[in-house]
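One letter stands for each residue in the lines below.
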Amino acid sequence: MATSSSTPAPTAHPLPSYLQAEHLGPWGIFLQQVDRVEPYLGNLARWVETLKRPKRILVVDVPIHLDDGRIAHFEGYRVQHNTSRGPGKGGVRFHQDVTLSEVMALSAWMSIKNAAVNVPYGGAKGGIRVDPKTLSRGELERMTRRYTSEIGIIIGPTKDIPAPDVNTNEQIMAWMMDTYSMNQGSTATGVVTGKPVDLGGSLGRREATGRGVFTVGAEAAKRIGLDVAKAAVAVQGFGNVGGIAGKLFAEAGARVVAVQDHGGAIYREAGLDVPSLLKHVAEKGTVAGFEHAEAMEADKFWDVPCDIMIPAALEQQITKANAHRIQARMVIEGANGPTTPEADDILHERNVLVLPDVIANAGGVTVSYFEWVQDFSSFFWDEDEINKRLVRVMQQAFAGVWQVAEQHKVSLRTATFIVACERILHTRELRGLYP
Ligand code: GLU
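We now turn to the structure provided with this report. The structure displayed is predicted, hence computed values, not measured ones.

Conventions we followed
Residues numbered from 1 in each chain as written. Predicted model: local features only at pLDDT ≥ 70, side-chain atom pairs only at ≥ 80, totals over all residues. Heavy atoms only, no water. Pairing = 2+ DSSP bridges. Helix = DSSP H or I, 4+ residues; strand = E, 2+ residues; numbered from the N terminus. Axes fitted to C-alpha atoms, helices over the stretch in contact; angles between N-to-C directions. Contact = heavy atoms within 4.5 Å. Parallel < 35°, antiparallel > 145°, perpendicular 65-115°, else oblique. Left-handed = near helix turned anticlockwise from the far one by under 90°. Nonpolar A, V, L, I, M, F, W, Y, C, P; charged D, E, K, R; others polar. Near = heavy atom within 4 Å. Polar contact = N/O pair within 3.5 Å; in protein donor to acceptor, adjacent residues only side chain to side chain. Areas by Shrake-Rupley, 256 points an atom, 1.4 Å probe, with all protein chains shown as cover. Expected span 1.5 Å × (residues − 1). Buried < 20%, exposed > 50% of the residue type's maximum accessible area, 1.4 Å probe, protein only. Phe/Tyr/Trp six-rings, centres within 6.5 Å; stacked < 30°, edge-to-face > 60°. Right-handed = clockwise from strand over helix to strand, strands pointing away. Arc of directions from axis to C-beta. Core = buried A, V, L, I, M, F, W, Y, C linked by side-chain atoms within 4.5 Å.

1. Remarks on the sheet that holds strand β4 (residues 92-95)
Moving on, step 1. Strand order across the open sheet formed by four strands is β1-β2-β5-β4, with mixed pairing between neighbours. The strands lining the two open edges of the sheet, one partner per strand, are β1 (56-65) and β4. Across the sheet, the mean angle separating the axes of adjacent strands is 20° when strand polarity is ignored.
Moving on, step 2. Where β1 lies against strand β2 (residues 71-82), ten bridges are found, and the strand directions are antiparallel. For Val59, the partnering residue across the bridge sits in β2 and is Tyr77.
Moving on, step 3. Across the sheet, helix α2 (residues 100-116) is in contact with β1, β2, β4 and β5 (123-129); its angle to β5 comes to roughly 150°.

Next up, the structure:
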């Protein structure tokens, strides 16, 4: 069948119920974001329906033996949102609130993110609904291995490559790599990224997301005349993303004045001592109880006087209930989906610049790409090389998005979606429909 751009748009059946907006859950938010870019897509808009339907959704039962002899069942997911530009790519999260709607949205944001920084991947995401803190190490390992085996039918180094996300880490990636490799009879390091460096991981991967957050933050600051060395920064979540971003901002001279996490919030106007705070978090698992700061009610975090706010925890944290309270000139989304669409509009009206997740936290997957490339060639770069390449990719991608935002007078989120959707739908059109 001819697929020239003059062919009329395909008629779409209504979205099946499980794909509909669901009271603006995360997937509903993604659908709204796509609707906003549709008018800018020209002839490619005829393919836009592709983005509203994940390519492949796998729901798996994950049964394990608990240490006390009982059997527990967990629900696991792997969603491949789009593979037009390359294999699926995206993390796996273990969290008690994981739902299919969330994993679908996260997989879709991966498609956008990967296209925005132009790494040759589609988008995917996985998760298990579990509070991993309730599991012993042995139970965690058995659950990870059984989940990997269940999704083994759709993942692989050239098919779909998982990575760490909320509550998953290098050790979990090592178990995933081993399980996949045992099932197929040979070691396949390239099946996951974010592995330990001794097992085909990449130097700089652990810090990459935070480094990317800092890099785009510094680029945006230059453009709005904000001096990073004099800026006050507030960070939500002080783990792999917020902790590293906070550290890099402090090294650049900024004051990290407030940090909030699941355990509480702390404040110090003169700036927190970030290295000691990182040590405290490594030992205690939360910023709460850090001696050299004032404890603060968690909700007061949103009122803190600051120039830069970095939500680096979970989705839907900046909402219409707190968006008008934020004092910052710039919000850098270290987390995925931390701002609801209503809050996005409020921040836009109040002239707060939002650096959206789909570009701001793309540093992690960018170095995941470097890791995967290194695994294929079994030749490893030094950390300096990785960091330089990461900064170059982030700066270039950000400059492109900034230009599109100025050209169309749209937010950076819509601009990133325009750049990414054009790339995805262009490859979709080039590849054509099979059969
Ligand atoms: N989980 C990270 C993200 O949301 C990284 C994904 C990856 O490296 O594949 O971007």
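2. Some words on the packing of helix α5 (residues 205-224) against helix α11 (residues 383-408)
Geometrically, a packed helix pair is captured by the angle between its two axes and the distance between the axes.
Moving on, step 1. Direction vectors running N to C along α5 and α11 enclose 45°, while the axes themselves pass 9 Å from each other. Here α5 is positioned oblique relative to α11, judged by the angle of their axes. Crossing geometry of α5 relative to α11 is assigned as right-handed. Two secondary-structure elements touch here, α5 through Glu207, Ala208, Arg211, Gly212, Thr215, Val216, Glu219, Ala220, Arg223 and Ile224 and α11 through Glu383, Asn387, Leu390, Val391, Met394, Gln395, Phe398, Ala399 and Trp402.
Moving on, step 2. Its residues assigned to classes, the contact of α5 with α11 comprises ten nonpolar, four polar and five charged.

3. Digging into the site of the ligand
Moving on, step 1. Every one of the 14 residues lining the ligand counts as a neighbour, but Lys89, Lys113, Pro164, Asp165 and Ser368 are closest to it.
Moving on, step 2. At 2.7 Å from an oxygen atom of the ligand is found a side-chain nitrogen or oxygen belonging to Lys89.
Moving on, step 3. Lys113 places a polar side-chain atom, nitrogen or oxygen, 2.6 Å from an oxygen atom of the ligand.
Moving on, step 4. Relative to its unbound accessible area of 290 Å², the ligand is 94% covered by the protein chains.
Moving on, step 5. Taken together, the elements giving at least two residues each to the shell around the ligand come down to α2 and α10 (363-377).

4. Some points on α10
Moving on, step 1. For α10, which comprises 15 residues, the first-to-last C-alpha distance of 22 Å matches the rise-based estimate of 21 Å (1.5 Å per residue) to within 8%.
Moving on, step 2. With eleven of 15 residues buried, α10 lies mostly within the body of the structure.
Moving on, step 3. Along α10, the residues classified as buried are Gly363, Gly364, Val365, Thr366, Val367, Ser368, Phe370, Glu371, Trp372, Gln374 and Asp375.
Moving on, step 4. Those residues of α10 that are buried are in contact with β3 (88-89), α2, β6 (160-161), α5 and α11.
Moving on, step 5. One or two steps after α10, the chain reaches Ser378, where phi turns positive at roughly 50°.

5. Focus on the packing of aromatic side chains
Moving on, step 1. Applying the stated criterion across every chain, the model contains eleven aromatic pairs.
Moving on, step 2. An angle of 45° between the planes, with centres 6.1 Å apart, marks the rings of Phe30 and Phe417 as tilted. Here Phe30, found in helix α1 (residues 26-37), pairs with Phe417, found in helix α12 (residues 412-431); they are 387 residues apart in sequence, far enough to count as distant.
Moving on, step 3. Its relative accessible area of 1% is what places Phe417 among the buried residues.
Moving on, step 4. Ring geometry for Tyr121 and Tyr369: centres 5.9 Å apart, planes at 90°, overall edge-to-face. One end of the pair, Tyr121, is in the loop between α2 and β5; the other, Tyr369, is in helix α10, with 248 residues separating them in the sequence.
Moving on, step 5. Linked through ring pairs, Tyr121, Tyr369, Phe370, Trp372, Phe376 and Trp381 together constitute an aromatic cluster.

6. Let's talk about the pairing of β4
Moving on, step 1. On β4, burial covers both faces: Val92 and Phe94 on one face and Arg93 and His95 on the other are all buried.
Moving on, step 2. Pairing of β4 with β5 involves four bridges; the strand directions are parallel. Across the sheet, residue His95 finds its bridge partner in β5, namely Arg129.
Moving on, step 3. In this view, the connection linking β4 to its parallel neighbour β5 by way of α2 has right-handed handedness.

7. Here's the deal with helix α7 (residues 274-284)
Moving on, step 1. Within α7 the residues assigned to the buried category are Val274, Leu277, His280 and Val281. Buried residues along α7 cover an arc of 115° about the axis, so they all sit on one side. Away from its buried face, by an angle of more than 90 degrees, α7 presents the exposed residues Pro275, Lys279, Ala282 and Glu283.
Moving on, step 2. Along its buried surface, α7 packs onto α6 (242-251), β8 (255-261) and β9 (264-267).
Moving on, step 3. Gly285 sits one or two positions beyond α7 and adopts a positive phi of about 80°.

8. Some words on the sheet that holds strand β10 (residues 294-296)
Moving on, step 1. Spatially, seven strands are ordered β10-β9-β8-β7-β11-β12-β13 in an open sheet, and the strand pairing comes out mixed. Each edge of the open sheet carries a strand with a single partner, namely β10 and β13 (353-355). Direction aside, the axes of adjacent strands within the sheet are offset by 20° on average.
Moving on, step 2. Note: β9 against β10, three bridges, orientation antiparallel. Following the sheet pairing, Ile266 is matched in β10 by Ala295.
Moving on, step 3. Helix-sheet contacts for α6 involve β7 (232-236), β8, β11 (308-311) and β12 (330-332), and the interaxial angle to β11 is about 160°.

9. Side note on the packing of helix α3 (residues 137-151) against helix α4 (residues 170-184)
Moving on, step 1. Between α3 and α4, the shortest axis-to-axis distance is 9 Å and the interhelical angle comes to 45°. As far as their axial angle goes, α4 and α3 are oblique. Note on packing geometry: the crossing formed by α3 with α4 is right-handed. Contacts from Arg137, Leu140, Glu141, Thr144, Arg145, Tyr147, Thr148, Ser149 and Ile151 in α3 reach Gln171, Ile172, Trp175, Met176, Asp178, Thr179, Tyr180 and Asn183 in α4.
Moving on, step 2. Here the residues of the contact of α3 with α4 are counted per class, giving seven nonpolar, six polar and four charged.

10. A few points about the nonpolar core
Moving on, step 1. If you look at the biggest cluster of nonpolar residues, it comprises 92 residues, and the most contacted ones within it are Ile310, Ile332 and Leu355.
Moving on, step 2. Not counting residues up to four positions away in its chain, the partners in contact with Ile332 are Val213, Val216, Gly217, Phe249, Ile308, Met309, Ile310, Pro311, Leu355 and Ala360.

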